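# Close look at the chain arrangement
Letter by letter, the chains look like this.
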Amino acid sequence: MALPFMVATVLLFTSLIAYATAMHLIVRVMVRVIRSGSSEPGFWNSTTVMAIVTAIMAAAHLAQIALWAVAFLLCGQVSTLETAFYLSAQNCTALGYGDILLSERWRLLGPLEAINGLLFFGLSTGVLFAIMSQLIAMQLQTETGYQSEAAGNQAPRLVAGDTLSR
């Protein structure tokens, strides 16, 4: 039982490093978008930002799945990379078809990968929400001149009857 926990710990830490690298790249993209300031944050620019961020996140999740798949191969739980990737994707997404089972010795890797995947999917949701909030705040600021708290200023809160102009 100790060996699967040690393997899972290494995998969790390695997944964290890969995910942190992806988040760093996403922050760099957003800094570039915010600093550019020259282009209006319209529909196509916001859509492009969200597409880039989503692609980076998808790559990070696929890398995480591939990492665990290699571990399943190295532990002798499956015979092909395709099967290992399939098993890993099921575990990571908590889909759990159950058509491929790990041996008794390694069966804890399945739920541990599910925990890992669910945590990172939750983080991805939070990042997407934060970026969408920032893009919406930028659009509001461009169209109305109103600078929201999401954009970094301490703007007064709107009360019924107030307008968005300062």
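Residues numbered from 1 in each chain as written. Predicted model: local features only at pLDDT ≥ 70, side-chain atom pairs only at ≥ 80, totals over all residues. Heavy atoms only, no water.

## Section: the overall build of the chain
- Along the chain, the regular secondary structure elements total four helices and zero strands.
- Ordering the α and β elements of the chain from the N terminus gives α-α-α-α.
- Within the chain, buried positions represent 34% of all 166 residues.
- Counting only contacts in the chain whose residues sit at least 6 apart along the sequence, the fraction spanning at least 24 positions is 59%.
- Just so you have it, the chain exposes about 10,100 Å², and 67% of that area is on carbon and sulfur atoms. (Helix = DSSP H or I, 4+ residues; strand = E, 2+ residues; numbered from the N terminus. Buried < 20%, exposed > 50% of the residue type's maximum accessible area, 1.4 Å probe, protein only. Contact = heavy atoms within 4.5 Å. Areas by Shrake-Rupley, 256 points an atom, 1.4 Å probe, with all protein chains shown as cover.)

## Topic: helix H4 (residues 109-144)
- A rise of 1.5 Å per residue sets the reference length of H4, with its 36 residues, at 52 Å; its end C-alpha atoms lie 52 Å apart and thus fit the reference within 8%.
- One or two residues past the end of H4 sits Gly145, with phi positive at roughly 85°. (Expected span 1.5 Å × (residues − 1).)

## Some remarks on the nonpolar core
- If you look at the biggest cluster of nonpolar residues, it comprises 16 residues, and the most contacted ones within it are Met23, Ile26 and Ile131.
- Of all the secondary structure elements, the ones that give two or more residues to this core are helix H1 (2-36), helix H2 (43-74) and H4.
- For Ile26, the contacting residues outside a window of four places in its chain are Val53, Ile56, Met57, Val127 and Ile131.
- Ranked by size, the runner-up nonpolar core spans 15 residues in total, among them Leu11, Phe72, Leu87 and Leu109. (Core = buried A, V, L, I, M, F, W, Y, C linked by side-chain atoms within 4.5 Å.)

## What to know about the packing of H1 against H4
- Interhelical geometry of H1 versus H4 gives an angle of 10° and a closest axis separation of 10 Å. Between H1 and H4, the interaxial angle falls into the category roughly parallel.
- For the contact of H1 with H4, a count of residues per class yields 20 nonpolar, four polar and no charged. (Axes fitted to C-alpha atoms, helices over the stretch in contact; angles between N-to-C directions. Parallel < 35°, antiparallel > 145°, perpendicular 65-115°, else oblique. Nonpolar A, V, L, I, M, F, W, Y, C, P; charged D, E, K, R; others polar.)

## Topic: H1
- The end-to-end C-alpha distance of H1, which contains 35 residues, comes to 51 Å, matching closely the 51 Å that a straight helix rising 1.5 Å per residue would cover.
- Among all positions of H1, only Pro4, Val7, Ala8, Leu11, Ser15, Tyr19, Ala22, Met23, Ile26, Val29 and Met30 are buried.
- Where H1 is buried, its residues meet H2 and H4.

## So, the environment of Phe72
- Tracing the chain through its elements places Phe72 in helix H2.
- Distance in space between the C-alpha atoms of Phe72 and Trp106 is 8.9 Å, their sequence separation being 34 residues.

## Quick notes on the side chain of Ser15
- Note that Ser15 resides in helix H1.
- Looking at Ser15, its side chain comes within polar contact range of the side chain of Asn116, at 3.4 Å.
- Not counting chain neighbours up to four residues away, the residues in contact with Ser15 comprise Gln64, Leu67, Trp68, Asn116 and Phe120. (Polar contact = N/O pair within 3.5 Å; in protein donor to acceptor, adjacent residues only side chain to side chain.)

## Some words on the packing of H2 against helix H3 (residues 81-92)
- Between H2 and H3, whose axes approach to 8 Å, the crossing angle comes to 120°. Overall, the two elements H2 and H3 adopt an arrangement that is oblique. Seen along the crossing, H2 lies across H3 with a hand that is right-handed. On H3, the residues touching Leu62, Gln64, Ile65, Ala66, Trp68, Ala69, Phe72 and Leu73 of H2 are Leu81, Ala84, Phe85, Leu87, Ser88, Ala89, Asn91 and Cys92.
- Split into classes, the residues belonging to the contact of H2 with H3 amount to 13 nonpolar, three polar and no charged. (Left-handed = near helix turned anticlockwise from the far one by under 90°.)

## A short note on a nonpolar patch on the surface
- Together, Phe13, Leu16 and Ile17 give the surface a local cluster of nonpolar side chains, amounting to about 300 Å² of exposed area.
- Relative to the helices and strands, Phe13 resides in helix H1.
- For Phe13, a relative accessible area of 53% translates into the label exposed. (Patch = residues over 30% accessible without salt bridge, like charges linked within 9 Å, V, L, I, M, F, W, Y side chains within 5 Å. Salt bridge = Lys/Arg side-chain N within 4 Å of Asp/Glu carboxyl O.)

## Some thoughts on the confidence of the model for the chain
- In the predicted model, the chain carries a mean pLDDT of 85, and 86% of its residues have values of at least 70.
- Here residues 154-159 scores under 50 on pLDDT; set against residues more than four positions off or in separate chains, the count is twelve contacts. (pLDDT = per-residue confidence, 0-100.)

## A short note on the packing of aromatic side chains
- According to the stated counting rule, one finds two aromatic pairs in the structure shown.
- Centroid distance Phe43 to Trp44: 4.8 Å. Interplanar angle 80°. Geometry classified as edge-to-face. Neither residue differs from the other here; Phe43 and Trp44 are each classed as exposed. (Phe/Tyr/Trp six-rings, centres within 6.5 Å; stacked < 30°, edge-to-face > 60°.)

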